[in-house]
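Residue-level structural notes
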Amino acid sequence: MTATILDGKATKDAIFAELTPRVAALAERGITPGLGTVLVGDDPGSHSYVKAKHADSAKVGVTSIRRDLPENTTQAELEKVIDELNADPACTGYIVQLPLPSHLDENAILERIPPEKDADGLAPISLGRLVLGKQGALPCTPLGVIELLRRYDVPLKGANVTVVGRGITVGRTIGLLLTRRSENATVTLCHTGTRDLASEVARADIVVAAAGSPGLITPEMVKPGAAVLDVGVSRVDGKLAGDVAPGVEEVAGHLSPNPGGVGPMTRAMLISNVVEAAERAAG
Ligand SMILES: Nc1nc2c(c(=O)[nH]1)N[C@@H](CN(C=O)c1ccc(C(=O)N[C@@H](CCC(=O)O)C(=O)O)cc1)CN2
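Residues numbered from 1 in each chain as written. Predicted model: local features only at pLDDT ≥ 70, side-chain atom pairs only at ≥ 80, totals over all residues.

**Remarks on the overall build of the chain**
Definition in use: Runs of H or I in DSSP of at least four residues are treated as helices and runs of E of at least two as strands, each being numbered from the N terminus. Radius of gyration here uses only the C-alpha atoms, and the compact-globule reference equals 2.2 Å multiplied by the residue count raised to the power 0.38. In this description, any two residues whose backbone-derived C-beta atoms lie within 7 Å of each other are considered to be in contact.
Regarding its fold elements, the chain presents nine helices and 11 strands. Over its C-alpha atoms the chain spans a radius of gyration of 19 Å, differing by no more than 12% from the 19 Å that the globule rule assigns to 283 residues. In terms of principal-axis extent, the alpha carbons of the chain reach across some 50 × 40 × 35 Å. Looking at the chain alone, contacts between residues at least 24 apart form 69% of all its contacts between residues at least 6 apart.

Spelled out as structure tokens, the structure:
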């Protein structure tokens, strides 16, 4: 068996083709969605993600507002930039690129983002709304995983999903989305304290690997025909390395590669969140 590739790049392009006329329809009503990004420091990965997000915005007609700050930015300086974006009517939604440098209080910054401007659902009020099943921005990577599976007709209802990794951008939040009635999946969340990772992966219809541990998921672990999504990001000798080891494509039914899988979908869902929020605000 060779897995069907879940092509995140082609799917992102298809989503942008759908979003472009929606942005044009907003423009006819005098509304231009504006995506802001706040980036602190020199992390090359974060710089390339933010650059890509602005290129994406331009493609669909969303305005970009970019705030790049040096590594030694203080908490007070960062909070001032956040307050400026909160007051700027051209910025209809924004993100703070994570991780922030370790001297900054990430949670205090995320708490400052009002839910109506939270473009990637990581502010505490948005996360609380997700827990309560209330309307709000949803985290982009989990949304991207679900949208990719949906577009390739991989069934979620009743599926056993094993998620590996408990970070806030993927592992901790994806279970909340997958266990909504609209998805109705059964989710097992694994982490470094999991006693028998191999058996948790082996019984999964869908594996979401987001541990940031290169090659963690090996072909022997995977149930034949399962869908495997590689969301892990590590750098090995300066090159991107995912969590899924070579050979999994021979066992899995579907595989989202890394790069080229969930990463581009994360970006597509961000732009989609911004457009949807602008449509909702317009009534
Ligand atoms: N505020 C946020 N910070 C972070 C998030 C997030 O959702 N919100 N997620 C990740 C990084 N991320 C988005 O910001 C992201 C990751 C990967 C990609 C992407 O397109 N990756 C490419 C490969 C790029 C490369 O070679 O390095 C791919 O997978 O094909 C986009 C966005 C952490 N921070």
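**Some points on the UniProt feature "domain: Tetrahydrofolate dehydrogenase/cyclohydrolase catalytic" (unreviewed entry) in the chain**
Formally: UniProt positions are given in the numbering used here, feature names are shortened, and annotations may be inferred rather than shown by experiment.
Within this numbering scheme, the UniProt entry marks residues 6-120 as carrying the feature "domain: Tetrahydrofolate dehydrogenase/cyclohydrolase catalytic" (unreviewed entry). For residues 6-120, the end-to-end C-alpha separation is 23 Å, with 50% helix and 16% strand making up the annotated structure.

**Details of the site of the ligand**
Put simply, the test is: Any residue whose C-beta atom, as set from the backbone, lies within 6 Å of a molecule or strand is reported as near that molecule or strand. Following the grouping adopted for this structure description, the nonpolar residues are Ala, Val, Leu, Ile, Met, Phe, Trp, Tyr, Cys and Pro, the charged ones are Asp, Glu, Lys and Arg, and the polar ones are all others, Gly among them. The split into domains, and so the bounds of each, comes from an automatic or database assignment of domains.
Lining the immediate environment of the ligand, one finds 21 residues, of which Tyr49, Leu98, Thr169, Pro259 and Gly263 sit closest. Put simply, the parts of the chain that give the shell around the ligand at least two residues each are α2 (44-60), β4 (93-96), α6 (140-151) and α9 (262-282). Residues that form the shell around the ligand fall into these classes: 10 nonpolar, nine polar and two charged. Shared between two domains, the shell around the ligand takes at least three residues from each, and those domains are domain 1 (20-114) and domain 2 (140-263).

**What to know about the sheet that holds β4**
Defined as follows: In short, DSSP must find at least two bridges between two strands for them to pair. Only the stretch in contact is used when a helix axis is fitted, and all axes are lines through C-alpha atoms; the angle between N-to-C directions ranges over 0 to 180 degrees.
Read across the open sheet, the three strands follow the order β3-β2-β4; overall the sheet is parallel. Only two strands of the sheet have a single neighbouring strand rather than two, namely β3 (63-69) and β4. For this sheet, the mean angle separating the axes of adjacent strands, direction not counted, is 15 degrees. In this structure, strand β2 (residues 34-40) lies alongside β3, joined through seven bridges in parallel fashion. Among the inter-strand pairings, Gly34 is bridged to a residue of β3, identified as Thr63.

**Comments concerning α2**
Here is the rule: To estimate the expected span of a helix, count its residues, drop one, and scale the result by 1.5 Å. With C-beta atoms placed from the backbone, a residue is labelled by how many other C-beta atoms lie within 10 Å of its own: buried for 20 or more, exposed for 12 or fewer, partly exposed between the two. Note: the arc covers the axis-to-C-beta directions of the helix.
The end-to-end C-alpha separation of α2 is 25 Å, in line with the 24 Å expected for 17 residues at 1.5 Å each. Three or more residues of α2 are buried, namely Tyr49, Val50, Lys53, Asp56, Ser57 and Val60. On an axial view of α2, the arc spanned by its buried residues comes to 115 degrees, and they lie on one face. Those residues of α2 that are exposed and angled more than 90 degrees off the buried face are Pro44, Ser48, Ala55 and Ala58. Where α2 is buried, its residues touch α1 (8-28), β2, β3 and α9. Gly61, located one to two residues past α2, shows a positive phi value of around 95 degrees.

**Remarks on the sheet that holds strand β7 (residues 206-209)**
Pairing is parallel across the open sheet formed by six strands, whose spatial order is β1-β11-β8-β7-β5-β6. With partners counted over all chains shown, the strands left at the sheet margins are β1 (4-5) and β6 (186-190), one partner each. Bridging between β1 and strand β11 (residues 254-256) involves two bridges; their strand directions are parallel. Note on β11: the bridge partner recorded for Thr4 is His254.

**Brief notes about α6**
When the terminal C-alpha atoms of α6 are compared, their 16 Å separation across 12 residues agrees well with the 16 Å that a helix rising 1.5 Å per residue should span. Tucked into the core, α6 has its buried residues touching α1, α7 (171-178), β7, β8 (227-230), β11 and α9. Looking at the residues trailing α6, positive phi occurs at Asp153, about 55 degrees.

**Considering the pairing of β6**
Defined as follows: By convention a crossover is right-handed if, when the strands point away from the viewer, the path from the first strand over the helix to the second runs clockwise.
Here five bridges tie strand β5 (residues 160-164) to β6, and the two strands are oriented parallel to one another. Bridged to Val163 within β6 is Leu189. Each parallel crossover has a hand, and the one from β5 via α7 to β6 is right-handed.

**Observations regarding the nonpolar core**
The condition that has to hold: In this usage, the nonpolar core is the set of buried Ala, Val, Leu, Ile, Met, Phe, Trp, Tyr and Cys residues whose C-beta atoms join them within 7 Å.
Of all hydrophobic cores here, the largest spans 81 residues; its most connected members are Val207, Val208, Ala209, Ile217, Val222, Val228 and Leu229. Per element, the largest residue contribution to this core is 10 residues, and it comes from α9. Counting only domains with at least three residues in this core, you end up with domain 1 (20-114) and domain 2 (140-263).

**A look at the UniProt feature "binding site: NADP(+)" (unreviewed entry) in the chain**
Under the present numbering, the feature "binding site: NADP(+)" (unreviewed entry) in UniProt falls on Gly165, Arg166, Gly167 and Val233. With the annotated positions falling across 69 residues, the maximum pairwise C-alpha distance of 13.5 Å places them together in a single cluster. Here Arg166 shows up in the loop between β5 and α7. The partly exposed category is assigned to Arg166, around which 18 C-beta atoms lie within 10 Å. Excluding residues that lie within four positions of it along the chain, Arg166 makes contacts with Gly171, Arg172, Leu189 and His191. Among the secondary structure elements, Val233 is positioned in the loop between β8 and β9 (234-236).

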